[in-house]
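# Reading the structure
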Amino acid sequence: MSKEKVIIELTEYCTTCGDGCCTDYGTVTKVNGKELHCTNRDVGTIVRGILEELGYDAEVIETYQYD
């Protein structure tokens, strides 16, 4: 049985303003060439966006553990 191929592109960016006081960064996500609206640095948002683009009703549960 053949599975449908999905191409996921993750392009990370980091830009600094002209005087160096501001930095903006994140990840642009594309699924099969379509750019998603979840340009974000939050992994949960990116994963949910990918799954929803593929037709899933996705809920992502994030847990943070710090020492």
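Our structure's up above, just so we're on the same page.
Now for a look at the structure at hand. (Residues numbered from 1 in each chain as written. Predicted model: local features only at pLDDT ≥ 70, side-chain atom pairs only at ≥ 80, totals over all residues. Heavy atoms only, no water.)

## Some details on the overall build of the chain
Along the chain, the regular secondary structure elements total one helix and three strands. Since a compact globule built from 67 residues should have a radius of gyration of about 11 Å, the 15 Å found for the chain marks it as more spread out than a globular shape. Counting only C-alpha atoms, the chain reaches 55 × 35 × 20 Å along its principal axes. Relative to all contacts within the chain whose residues are 6 or more apart in sequence, the contacts with residues 24 or more apart total 14%. Put simply, the chain shows about 5,800 Å² of open surface, and 48% of that area lies on carbon and sulfur atoms. (Helix = DSSP H or I, 4+ residues; strand = E, 2+ residues; numbered from the N terminus. Rg over C-alpha atoms; globule rule 2.2 N^0.38 Å. Contact = heavy atoms within 4.5 Å. Areas by Shrake-Rupley, 256 points an atom, 1.4 Å probe, with all protein chains shown as cover.)

## What about helix α1 (residues 43-53)?
Side chains three or four residues apart in an α-helix point the same way, a direct result of the helix having 3.6 residues per turn. Along α1, the residues classified as buried are G44, I46, G49 and I50. Buried residues along α1 sit in contact with β1 (8-16) and β2 (23-31). Among the residues of α1, the N-terminal cap falls to D42, whose side-chain oxygen and the backbone nitrogen of G44 are separated by 3.0 Å. Of the residues flanking the end of α1, it is G55, one or two places downstream, whose phi is positive at about 100°. (Buried < 20%, exposed > 50% of the residue type's maximum accessible area, 1.4 Å probe, protein only. Polar contact = N/O pair within 3.5 Å; in protein donor to acceptor, adjacent residues only side chain to side chain.)

## Some points on the pairing of β1
Consecutive side chains of a regular strand alternate in pointing toward one face of the sheet and then the other. In this structure, β1 lies alongside β2, joined through nine bridges in antiparallel fashion. Directly across from I8, in β2, lies its bridge partner V31. (Pairing = 2+ DSSP bridges.)

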